[in-house]
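Residues per chain, in single letters:
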Amino acid sequence: LTGLPPALPTLPLELTILYNFLLFTVGASDSAVEGEAEGIRQGLLRVLEACGNCGQGLSTEELWQKVLQEVTVEELQAPLHRLGALQAARWMSASRLSSTTVLIRLLSHAEDLGRTHCSEGENELLSLLKAWQLPAEETSPPLIQRTEDLKEMLCTTAAFLQGLQELDAGNFSTAISLLQEAAEGFCTKKVLAQIYTCLGCCAQRMGKPQTALQHLKRALQVDFQCLPALFHAAAVYHELGETDVELQALALLYEALVKKTPAAASSSQCSLIQMELLVHTPILASLLCHHYPSEVKYLLAQRCLQYGRVTDAVEHYLDLLALLQEGLQQQVPLAGSSGLPRIPEVFLEAASALEQAGRHQDVITMCEEVISRTTDLIPRMLRLEEMMEQTECPSPEAGLSQKKESLRCLAWRAAGFLQQGWAWANLGKSKEAITQFSRMLLPGVCVSLPENLLPEVELLQKIRLFSLIGRGVQFLELGKHKEALLDFQHSLQISPGDPAAATYLVQALWKLNRKQEAATHWQKFSQSSSVQDGKGRPCPLYLVSCQKQVMFPHRESLARSVQDFLRTTGQGPAS
């Protein structure tokens, strides 16, 4: 029809053909395409031209307003409403809900419908869509998708989109209401499962875990391939402390991801425009994000390690490392795009699990892999004072990022030495343990640090603290009490009042027969221990086992000895 002048008698047929053509175009492309918008615009311009009007230079919104207000030909009403439904679908797919509201109001010839028929608290767009009376459809030519079906889909889409907007804004009660209305509407099983998943996430954010689980289970009943629902269910079980069920859910999710079951048919409903084309907001993408097998396997390993299920943790970590070393693109997401930590941290967490499982020689081997791969990435000297000056600049340059990355590598390497030190210690080889602890303590970083530390620097200092305490403990094992005392004193310079370092310092003084000093320090540290507890950032998971190992194991016995000494010397309360 391009190039032919429009004629009123043939316009209904022309607009119907245009409607079918645009539906085929969208259905074939599985997306809203630019040609659809231009096709609708050209159709409206031809309507105005046939009626003796001009719409050139008008925006799409203005064009619709002019057509619907000035064109009153009865035969054109049904075709125009069909194009209006397509336009509304396109605007909804772009989240232009205000433009959609204005268009539906014009199509309904009810400029005041939002005020007269929309009761307080009721959603205006949904009210307009429900009240929209479509003109009777002509029987020829046939339509490939009924306008009534498209209207029902628009109602569901409007409720779904606005529910997501309210969820994103934190208006959970309103979101629940809108999402429940969407769940009762016209959609495929796949979309219905997505709606129930969003309902579950909303209920979880409202602090209603049991309600969340009901919605998530419903999602899986509707579509067993809605794997995000299973992932969120595991998160709810984690919040509830239901460890066994959480791990079972994660294991099922991992198996489902590995099996890669082919997608089932979306629906028996024959619709070229599906809701999947209309609802694709960032929050929905976040809630329904695809998880790789490696991510879920890591989460299983991490949870088992956190829950003290060491044997299971070791198995999962070793499986994960096999996945990572195979480098399967379909199983290993890009760095920074998933829930996986950096690869050296995975190795260190695996080493921590192996250490707790008593596989000390494997720990040494695992950590050597981290050390060998990070050593060449660390400059011989990092000047932290320069780094701290750069962090105060409004726009830090790439140099700072590189130095922070070098610090991370240094921390991973230091953590490897630390874990190797404890592995040798647990093998009963104190000299080898001292060697590994000392390798971490070799100078490589300028340690004149400002008060507000970078997280990377604070982590390094934490590792340095654990290494000093670990080496001091091994000196005590060898009877080298003076060397041990120096390490514990240095530990307290790094972290004043640290309970483990302070207690070991008292023990070292006690073994050196400097009991008065030991008692004085004990009284001082006992008074300040409540202030020190919980200070600083929590340790990374791969350091938690080291943190436990530096804790003094015989505190009560040492306390009794000190108290007896104080009473004997008249410095404590009488028995």
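Quick notes on the rules
Residues numbered from 1 in each chain as written. Predicted model: local features only at pLDDT ≥ 70, side-chain atom pairs only at ≥ 80, totals over all residues. Heavy atoms only, no water. Salt bridge = Lys/Arg side-chain N within 4 Å of Asp/Glu carboxyl O. Helix = DSSP H or I, 4+ residues; strand = E, 2+ residues; numbered from the N terminus. Buried < 20%, exposed > 50% of the residue type's maximum accessible area, 1.4 Å probe, protein only. Expected span 1.5 Å × (residues − 1). Contact = heavy atoms within 4.5 Å. UniProt positions renumbered as here; feature names shortened; annotations may be inferred. Phe/Tyr/Trp six-rings, centres within 6.5 Å; stacked < 30°, edge-to-face > 60°. Axes fitted to C-alpha atoms, helices over the stretch in contact; angles between N-to-C directions. Parallel < 35°, antiparallel > 145°, perpendicular 65-115°, else oblique. Left-handed = near helix turned anticlockwise from the far one by under 90°. Nonpolar A, V, L, I, M, F, W, Y, C, P; charged D, E, K, R; others polar.

### Re the pattern of salt bridges
- Evaluated as defined, the whole model comprises 17 salt bridges.
- Across the pair E14 and R46 runs a salt bridge whose closest N-O atoms are separated by 2.3 Å. Here E14, found in helix α1 (residues 11-29), pairs with R46, found in helix α2 (residues 34-50); they are 32 residues apart in sequence, far enough to count as distant. For the pair E14 and R46, one class covers both residues: buried.
- Here R567 and D564 are joined by a salt bridge, their closest N and O atoms 2.4 Å apart. With R567 and D564 both in helix α27 (residues 555-568) and three residues apart, the pair spans about one turn of that helix.
- By relative accessible area, which is 34% here, R567 ends up partly exposed.
- You can call D564 partly exposed: its relative accessible area is 40%.
- Among the ionic contacts, a cluster of salt bridges with common partners joins R342, E405, R408 and E456.

### Examining helix α10 (residues 189-205)
- Given a rise of 1.5 Å per residue, 17 residues ought to cover 24 Å, and the 24 Å separating the end C-alpha atoms of α10 matches this to within 8%.
- Trailing α10 by a residue or two, G207 shows a phi angle of about 80°, which is positive.

### Here we look at the side chain of T503
- Take T503: it is sitting in helix α24 (residues 499-511).
- The residues contacting T503, other than those within four sequence positions of it, are W522, F552, R555 and L558.

### Examining the UniProt feature "repeat: TPR" (unreviewed entry) in the protein
- Following the UniProt record, one finds the feature "repeat: TPR" (unreviewed entry) at residues 465-498.
- Between the C-alpha atoms that bound residues 465-498 there is a distance of 9 Å. The span itself is 79% helix and 0% strand.

### A closer look at the environment of G43
- Summarising the element assignment, G43 is placed in helix α2.
- Placed 24 residues apart in sequence, G43 and Y19 show a C-alpha to C-alpha distance of 9.5 Å.
- Apart from the residues lying within four places of it in its own chain, the contact partners of G43 are L15 and L18.

### A closer look at the packing of aromatic side chains
- On inspection of all chains with the given rule, the structure shows five aromatic pairs.
- Considering the side-chain rings of W422 and F437, the 5.5 Å spacing of their centres and the 75° angle between planes classify their relative orientation as edge-to-face. Of this pair, W422 sits in helix α20 (residues 398-426) while F437 sits in helix α21 (residues 430-441), placing them 15 residues apart in sequence.
- Note on W422: relative accessible area 5%, which makes it buried.

### Observations concerning the packing of helix α8 (residues 147-169) against α10
- Contact pair α8 / α10: the axes reach a minimum separation of 11 Å and the direction vectors enclose 25°. Comparing the axis directions of α8 and α10 gives the class roughly parallel. Note on packing geometry: the crossing formed by α8 with α10 is left-handed. Contact with α8, carried on its side by F160, L164 and L167, involves V191, Q194, I195, C198, C202 and R205 of α10 and no other residues of that element.
- Its residues assigned to classes, the contact of α8 with α10 comprises seven nonpolar, one polar and one charged.

### Regarding the side chain of H291
- Residue placement: H291 occurs in the loop between α14 (282-287) and α15 (293-306).
- Not counting residues within four places of it along the chain, the set of residues in contact with H291 comprises F231, L257 and V296.

### Remarks on the environment of F525
- Among the structural elements, F525 can be located in helix α25 (residues 515-532).
- For the pair F525 and P496, spaced 29 residues apart in the sequence, the C-alpha separation amounts to 9.8 Å.
- If we ignore the near neighbours within four places in the chain, the residues touching F525 are L492, A502, L505 and V506.

### So, unusual backbone geometry
- Phi at S95 takes a positive value of approximately 60°, unusual for a residue other than glycine.
- Among the secondary structure elements, S95 is positioned in the loop between α4 (74-93) and α5 (97-107).
- Unlike most non-glycine residues, N513 shows phi in positive territory, near 65°.
- Along the chain, N513 falls in the loop between α24 and α25.
- We classify N513 as exposed; its relative accessible area is 59%.

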